[in-house]
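Report on the structure
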Amino acid sequence: MKPPSEAVAAKPQGERDFRLIGTPFRRVDARAKVTGQTRYADDLSFPRMVHMRLVRSTVPHARIRQIDFSRAEKVPGFLGKLTGEALPETFGILPVSQDEHALCPDVVRFVGDPVAAVVAVTEDQAIEAALAVEVEYEPLTTVASIEEALSTPEPRIHDYGVEGNLHKVVSMEFGDVEPGFEEAEVILEDTFLYEGNTHLPMEQHSSVAVPEDEGRLTLYSSTQTPHYCHRALAKVLGLPASRIRVVGTPNGGGFGGKSDPFNHEIVAARMALDLGRPVKVTLTREEVFYCHRGRHPVLMALRTGFTKDGAITAQHLKTALDGGAYGSYGVASTYYTGALQTVTYDLPRYRFDGVRCFTNKPPCGPKRGHGTPQPRFGFEIQLDKAAHQLGIDPADIRLKHLAAPHTITANWLKVETIGLRQCIEKVVEGSGWRERYGKLPRGRGLGLACGSYLCGAGLPIYWNHMPQSGVMLKLDRSGGVAVFCGESEIGQGSDSVLAAIVAEVLGVDLLDIRLCVADTDLTPVDLGSYSSRVTLMMGNAALQAAQRARDLIASAVSKKLEIPASRLVFAENRVFDAADPEQGVTFQEASIIAEALHGTLATTGSYIPPRSPGRYRGAGVGPSPTYSYSASVVEVEVDPDTGLYEVHHVWMAHDIGRSINPALVMGQVEGGVYMGLGEVLMEEQAFRRLPKRLSDSLVHKMPSLLEYKSPTFHDMPPVTTYLVEDPDALGPFGAKEVGQGPLLPIMPAVANAIFDAVGVRVDQTPIHPHMILEALAAQANEEEGRYGPTAFPEVDFGETLLVPTPEQGGDGRAINSWKEQLRSGMRSSTGTMTTRDEALSNKKGALTT
Amino acid sequence: MIRLPPFAYRRPTDLADAAAMLAGEGPETRLVAGGTDLWPNLKRRHQQASTVISLMGIQGLAGVEETEDGGLRIGATTPLSTVADHPVVRWRYPGLSRAIDSISSPPLRNMGTIGGNLCVDTRCTYYNQSEEWRRSINYCMKAAGEICWVAPSSPRCWAHSASDSAPMLAALEAEVELVSTRGSRRIPLPQMYQDDGIEYLAKQPDEILTTIYLPATSDAAHCRSSFWKLRRRGSIDFAVMSTATTLWLDGHGRVERAAIYLGAVASFPKPADKAVERLIGEIPTPELLDQVSELARRKATPMDNTDFQAQWRKAVAGKYIRAALREALGMDPELLAPKHQAGGTPTS
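Since the model is a prediction, treat every value here as computed from it, not as a measurement. (Residues numbered from 1 in each chain as written. Chains lettered and ligands numbered in written order. Predicted model: local features only at pLDDT ≥ 70, side-chain atom pairs only at ≥ 80, totals over all residues. Heavy atoms only, no water.)

Things to note about the interface of chain A and chain B
How we decide: Contacts were defined at the residue level, with two residues in contact if any of their heavy atoms lie within 4.5 Å. Accessible-area loss on putting two parts together, using a 1.4 Å probe and summing over both, is the definition of buried area adopted here. Any carboxyl oxygen of Asp or Glu that lies within 4 Å of a side-chain nitrogen of Lys or Arg is treated as forming a salt bridge with it. Distance and chemistry together define a polar contact, namely a pair of N or O atoms within 3.5 Å, with one atom able to donate a hydrogen and the other to accept it when in protein, and with adjacent residues in sequence counting only for side-chain atoms on both sides. Each helix is a run of H or I in the DSSP string that is no shorter than four residues. Each strand is a run of E no shorter than two, and both are numbered from the N terminus.
Contacts between the two partners involve 53 residues from chain A and, on the opposite side, 46 residues from chain B. Summed over both partners, the interface of chain A with chain B comes to about 4,300 Å²; 56% of that surface belongs to carbon and sulfur atoms. It is A:Leu131, A:Arg688 and A:His714 in chain A that bury the most area against chain B; as a group they hold 16% of the surface buried on that side. There are 8 salt bridges connecting chain A and chain B. The tally of links between chain A and chain B comes to 20 residue pairs in polar contact (both at pLDDT 80 or more). At the level of secondary structure, the elements contributing two or more residues to the side of chain A that touches chain B comprise α3 (123-132), α8 (285-291), β27 (627-638), β28 (645-655), β30 (698-700) and α19 (769-780) of chain A.

This is the structure in structure tokens:
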């Protein structure tokens, strides 16, 4: 049996004591979830509710010639149908990639692209009707891979983007890298391939659209981003946002897969309005694989210069992303494959070139770590190779060259606290690294790797100056506190964090807090559960709202009891004099006193992240109020005869700033470890292309939970978790993120451990046993003991943006042509949001509310 | 979620009634026991049924009992977990417990039956897919199409045998009883199969598999059985290659009789006859087992229709065969990843 994870956390010295914060407590939704009381979207039922099913394309790329519903209409229970012409307006999560239609009006772009919808009385009837719809297609050339996208400019999958089937190119250089490479004593050049994979949430996407009085509409949906869903609905349905209500239901896992507005949400809404009946749609597992928005397959070329002591003199990273059929978050993903290389180790000069291609596959987007696990995989393996070549311990090459806290990186990211040193020290100590690394018998090995992640994206997805998170509190004579916030619980524990922060400040019990979340009619806007933003952004907004409520009550109690407000303590459901704890009132009495004095009691809090120093085009992707850090050591056993391997143990240390709830933090760490192991051991969003002479088809190889291999309980090794706590001034009570960061070190740590075990490199994911065997065979043949890609394609990345680094005295702006195109003092267009000009000229995709 | 299509459901309580129903209904009639294979197949519409006849109401069709000659009689509708956990099976036919313990997951072993597992449909990644998915490849030979996408120029279907109990019971020289309105017959288990991905069962369509007979073993020390299974994960997954071995030793440790069957590498449990011949009359040494494993490995013809790279599966098949042989003889199997072994547990 595996031992339970152990948390090793020390309370920082000289800190005030917290009543709740930092103590493991049961999550507020735990009992409902384990007893089946939680109502997920698919659990919802309304009077006269009917069922919808989408008819999805069975061809990868084609014009729609004709859609024949004649058989479908004869299916008993058939109620309605819809095709693309009914919803001509486009949508998409990013203002610059409004390239999706609710139903394809003319062209389908992958197997699974929705072309029509049918509604019937029962779900079974809807399924029968959907199967009976006949669609006639006129095939177009299929584009299946990065290489094919680069070599097949026609037909274009979309008529926007750079050219041909290139969606986006990026090229930027921070400081001159060439002199950096000249200074280097060792230069390593590697190519890596990170295969795509999907989120695999337990809950399949589900929505219920309910028509309300006077043409208004409510959509209940398992979405991570009710606010962005709300905007897309308003745009495509052509209704004022004020007449649409989106209620985010608790998500049975999201991991980034429910962060886009989806076809089924919009079509269900339209159908509900048309039919005047509630319409439910719950996707099959196969359809979830088609919604995807998962990890981009990324081919990488990484060139890094090192001095003899392992210091990095320069780095040049090239990435090519297989984006699939639509934009999704892809432009941001492209930037993210380059943005966070600079925040872990001192990297004085850095160049990044990236390209994203369109292919006839389900669209890729954000999955846990969004765009950063792929380059992190390459970077951390290359560091291991450098350490090996230079004769430096892999832990030391990192420890000696850590990025400095509270500085600005070469690409103009402001980093705050950096707990990476403690993280590395913890896992080195816990794993016995110093005694065991490089000394284990053949077949056993240890690997070390690190990572870092955002605590919320610095900018919203569309241009605006409004808060990224808002919290509203209502208190009254009942003694209860109602908390309203647009955040979405996706299993990560955001409801518990919200309740705990308010409970801590007001000194009340968690049970006295009533949450109302993720409801666009009732709650202040929060942008959603993505980019690891919720604890920090919602947390700060909650803190502000709670402190304001506390001040309001304190002023009233102070007046009534004649105790200075500064001496009042809020704890144990009481408000009392710190100097004489007997003197005080219950929290309920305090609320009554305050309501009598001030009238109705309500406060708000909001959060806007600090402005980032970068001013170049693309500077909008990467900034965050602060960054979390993680380090891991993984122990593997490899059978050199078969290439089969097992992970025996994972040691993971995470710089959390401060745990709001250590139990939740450890849950997220272990979940990240689990997901990371899946990505490196077995998971791949793989496709089959049938022989071209016989078929144009390009299908997902295994869109099922059985055949898309993901680890089970049985495959999960013991994990030892260390929480490094060094409160960061920018987080609520010092807290940073944990939802995504701990995934990052796992994949390279496993690859590095395999090298320690058997002396060969596998420079791609997932690491299948045959790859190890082939690398071992190559080594036995006196060739390089390596398996992985060997070349990066020729790509025209366009003009390189030249940005002097802070060290060079730069001001955060580019010094070549792009600069002239952007007006001084204006936030640059990042591709992920419209510029101010675009917003003000009210172009498509700009502010709609 | 995907749903079952409509069909007529019949639940006879008597075997003769069941046989009569099966003979009387059309060709679109299917038998069901635990339903762990048929229901998902019907949902995905790669199997069709106008009528489904459940065997679960038939009295006396489930149960494990010792026969007078010292063997075992296992009713076809006995749950897999009941068979694997039977003390006589665990003691005298440990390979069978191993094989059954490796099937799917505990809930499915409680629902699934031994007869159902012996008749389980062959599998292929071009076939075990939804109706919509199969439309997108214009179907395959095994269901509604014309081409075997695994080998497009091949005239036959290459779907692979997916049963874990079949190779093991074959290696244990089990026999099966088949009942129809025409009477009953008892045949060696391997005769129930044939090497075709579509018509993988050689039994007649109107025959019902009712009973599995295991021959007596003098004692566990002389009849050594073992089962190893290659798959991605330690649970749930079907085999991508399995090996079932039984060795009967005489008092001197000499091999009197032997059987090696390979699972999931062909459309039927594939015997490794040459390898077995090499063993007969010998006292097994590690060197001999290496040779035997290599001979058996050549019988494996894995195709690109399941998990893992096909060449690699062929390359490592010998390791698994060797592990099963060595383990049957009480030697260290010398293979990492016991989790891939049936019912194994993680090492840590």
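Read on, since the account is not over.
Structural notes on the environment of A:Gly22
All names here are of chain A. Applicable threshold: For every residue, the accessible area (1.4 Å probe, protein chains only) is compared with the maximum for its type, and the residue is labelled buried under 20%, exposed over 50%, or partly exposed between those bounds.
Mapped onto the elements of the fold, Gly 22 is located in the loop between β1 (7-8) and α1 (30-34). Given the relative accessible area of 36%, Gly 22 is considered partly exposed. It is 34 Å that separates the C-alpha atoms of Gly 22 and Cys 229, two residues lying 207 residues apart in sequence. Setting aside residues up to four positions removed in sequence, Gly 22 forms contacts with Ser 659, Ile 660 and Pro 662.

Concerning the pairing of strand β21 (residues 481-485) of chain A
Looking down a regular strand, the side chains alternate between one sheet face and the other. Residue and element names in this part refer to chain A. Heads up, the condition is: By the convention used here, strands pair only if DSSP detects at least 2 bridges between them.
For β21, the buried fraction is high: 5 of the 5 residues fall into the buried class. Neither face of β21 is open: one carries Val 481, Val 483 and Cys 485, the other Ala 482 and Phe 484, and all of them are buried. Pairing between strand β20 (residues 469-475) and β21: 5 bridges, direction antiparallel. Residue pairing across strands places Leu 475 opposite Val 481, the latter belonging to β21.

Observations regarding the sheet that holds strand β3 (residues 62-68) of chain A
All names here are of chain A. One open sheet holds the 3 strands; their spatial order is β5-β3-β7, and the pairing between them is antiparallel. What marks the edges here is a single partner per strand, and that holds for β5 (107-108) and β7 (134-139). Where β3 lies against β7, 6 bridges are found, and the strand directions are antiparallel. If you follow Ile 64 over to β7, its bridge partner there is Tyr 137.

A closer look at the pattern of salt bridges
This model, assessed by the stated rule, comprises 74 salt bridges over all chains. For A:Lys367, the salt bridge goes to A:Glu683, with nearest N and O atoms at 4.0 Å. Of this pair, A:Lys367 sits in the loop between β16 (350-357) and α10 (373-390) while A:Glu683 sits in the loop between α17 (662-681) and β29 (687-689), and the two are 316 residues apart along the sequence. The partner of B:Glu173 in a salt bridge is B:Arg257, with the nearest N and O atoms 2.8 Å apart. Placement of B:Glu173 in the loop between α9 (165-171) and β6 (175-180) and of B:Arg257 in strand β11 (residues 255-263) is noted, with a sequence separation of 84 residues between them.

Description of the confidence of the model for chain B
Caution applies to low-pLDDT regions: their predicted coordinates should not be interpreted in detail. Applied cut-off: For every residue, the predictor reports its confidence as pLDDT, a number between 0 and 100.
When pLDDT is averaged along chain B, the result is 93, and 95% of the positions lie at 70 or above. A low-confidence stretch, residues 340-348 of chain B (pLDDT under 50), is modelled with 29 contacts involving residues beyond four sequence positions or located in other chains.

A short note on helix α14 (residues 494-506) of chain A
All names here are of chain A. Quick reminder of the rule: Every helix has an expected span of 1.5 Å times one less than the residues it contains.
Over its 13 residues, α14 runs 19 Å from end to end, which matches the ideal 18 Å to within 8%, given 1.5 Å per residue. Within α14, 13 of the 13 residues are buried, leaving the element largely enclosed by the surrounding structure. Directly after α14, the chain includes Gly 507, whose backbone phi takes a positive value near 65°.

As for the packing of aromatic side chains
All names here are of chain A. Stated formally: Any Phe, Tyr or Trp ring, taking Trp's six-membered ring, that has another such ring centre within 6.5 Å forms a pair; planes under 30 degrees apart are called stacked, those over 60 apart edge-to-face, and the others tilted. Charges are assigned to positions over rings by a cutoff of 6 Å between ring centre and Lys NZ or Arg CZ, combined with an angular limit of 35 degrees from the ring normal.
Applying the stated rule across the entire model yields 16 aromatic pairs over all chains. With a centroid separation of 5.1 Å and 65° between ring planes, the pair formed by Phe 174 and Tyr 616 is classed as edge-to-face. Here the residue Phe 174 occupies a position in strand β8 (residues 166-174), and Tyr 616 occupies one in the loop between β26 (601-607) and β27, the gap between them amounting to 442 residues. The two residues Phe 174 and Tyr 616 agree in class, both being buried. Between the aromatic rings of Tyr 228 and Tyr 530, the centroid separation amounts to 5.7 Å while the plane-to-plane angle is 55°, which identifies the pairing as tilted. Residue Tyr 228 is found in helix α6 (residues 226-237), and its partner Tyr 530 is found in the loop between β22 (513-517) and α15 (534-561); the two are separated by 302 residues along the sequence. This pair shows no difference in class: Tyr 228 is buried, exactly as Tyr 530 is. An aromatic cluster is present here, built from Phe 174, Tyr 350 and Tyr 616 joined pairwise through their rings. Taking NZ or CZ as reference, Arg 303 lies 4.1 Å from the ring centre of Phe 181, over its face.

What to know about empty space enclosed by the protein
Note the following rule: With a 1 Å grid spanning the protein atoms alone, the term cavity applies to any set of points in which a 1.4 Å probe fits but cannot get out, the term pocket to an open set with protein on both sides within 12 Å along at least five of seven lines, and the term lining residue to any residue with an atom within 4 Å of a point. Grid points are joined across faces, edges and corners, and a volume is the space filled by probe spheres set on the points.
Per the counting criterion, the structure on display carries 9 cavities of 30 Å³ or more. Here the second largest cavity is characterised by a volume of approximately 130 Å³. Lining the second largest cavity are 17 residues, and of these A:Glu707, B:Arg123, B:Thr125, B:Asn305 and B:Thr306 sit closest to its centre.

Looking at unusual backbone geometry
Residues A:Glu154 and A:Pro155 are joined by a peptide bond in cis, for which omega reads -5°. Examined against the element boundaries, A:Pro155 turns out to sit in the loop between α4 (146-151) and β8. For the bond running from A:Thr765 to A:Pro766, omega is -15°, close enough to zero to count as cis. For A:Pro766, the position within the fold is in the loop between β33 (764-765) and α19. With a phi close to 65°, B:Arg45 is a non-glycine residue in the positive phi region.

Considering the packing of α14(A) against α15(A)
All names here are of chain A. Where we set the bar: Angles shown run from 0 to 180 degrees and are taken between the N-to-C directions of axes, each axis being a line fitted to C-alpha atoms and, for helices, limited to the stretch in contact. An angle counts as roughly parallel when it lies under 35 degrees, as roughly antiparallel when it exceeds 145, as roughly perpendicular when it falls between 65 and 115, and as oblique in every other case. Note on convention: near helix rotated counterclockwise from far helix by under a right angle means a left-handed crossing. Clockwise means right-handed. Any residue outside Ala, Val, Leu, Ile, Met, Phe, Trp, Tyr, Cys, Pro, Asp, Glu, Lys and Arg is labelled polar, Gly included; the first ten of those are nonpolar and the last four are charged.
Two elements in contact, α14 and α15, have axes separated by 9 Å at closest approach and are oriented at 30°. It follows from the interaxial angle that α14 and α15 lie roughly parallel. The interaxial crossing formed by α14 with α15 has right-handed handedness. Touching Ser 494, Val 497, Leu 498, Ile 501, Val 502, Val 505 and Leu 506 of α14 are Val 534, Thr 535, Met 538, Gly 539, Ala 542, Leu 543, Ala 546, Gln 547, Ala 549 and Arg 550, all from α15. Residue composition of the contact of α14 with α15, grouped by class: 12 nonpolar, 4 polar and 1 charged.

Considerations on the layout of surface pockets
Residues and elements named next belong to chain A. Estimated volume of the second largest pocket: approximately 1,000 Å³. If you go around the second largest pocket, you meet 31 residues; those closest to its centre are Val 28, Asp 29, Asp 495, Arg 514 and Leu 515. Those elements that provide at least two residues to the lining of the second largest pocket are α1, β12 (244-248), α14 and β22. Here the lining of the second largest pocket gets 5 residues from one element, more than from any other, and that element is β22. When the residues that make up the lining of the second largest pocket are grouped by side-chain class, the tally is 15 nonpolar, 4 polar and 12 charged.

A few points about the sheet that holds strand β3 (residues 51-54) of chain B
All names here are of chain B. The parallel open sheet is built from 3 strands, whose spatial order is β1-β3-β2. Of all the strands in the sheet, just β1 (8-10) and β2 (29-32) have a single pairing partner and so form its edges. Within the sheet, the average angular offset between the axes of one strand and its neighbour, ignoring direction, is 25°. Here helix α1 (residues 15-24) sits on the sheet and contacts β1, β2 and β3; the angle it forms with β3, its principal contact strand, is near 165°.

Quick look at the nonpolar core
Residues and elements named next belong to chain A. Convention followed: In this text, buried Ala, Val, Leu, Ile, Met, Phe, Trp, Tyr and Cys residues form a nonpolar core when linked through side-chain atoms within 4.5 Å.
Within the largest apolar cluster, 119 residues are counted, with the highest numbers of intra-cluster contacts made by Leu 420 and Ile 772. The element that contributes the greatest number of residues to this core is helix α18 (residues 746-758), accounting for 9 residues. Residues within four places of Ile 772 in sequence aside, it is in contact with Val 638, Gly 643, Tyr 645, Ile 754, Val 758, Val 760, Val 762 and Ile 767. Counting residues in each nonpolar core, the second largest holds 54 residues, with Phe 18, Cys 485, Ala 499 and Phe 570 among its members.

Regarding α17(A)
Residue and element names in this part refer to chain A. Taking 1.5 Å of rise per residue, the 20 residues of α17 would be expected to cover 28 Å, and the 28 Å separating its terminal C-alpha atoms lies within 8% of that figure. Most of α17 sits out of view: 15 of its 20 residues are buried. You can read the cap of α17 off the contacts: a side-chain oxygen lies 3.0 Å from the backbone nitrogen of Ala 663, and it is on Asn 661.

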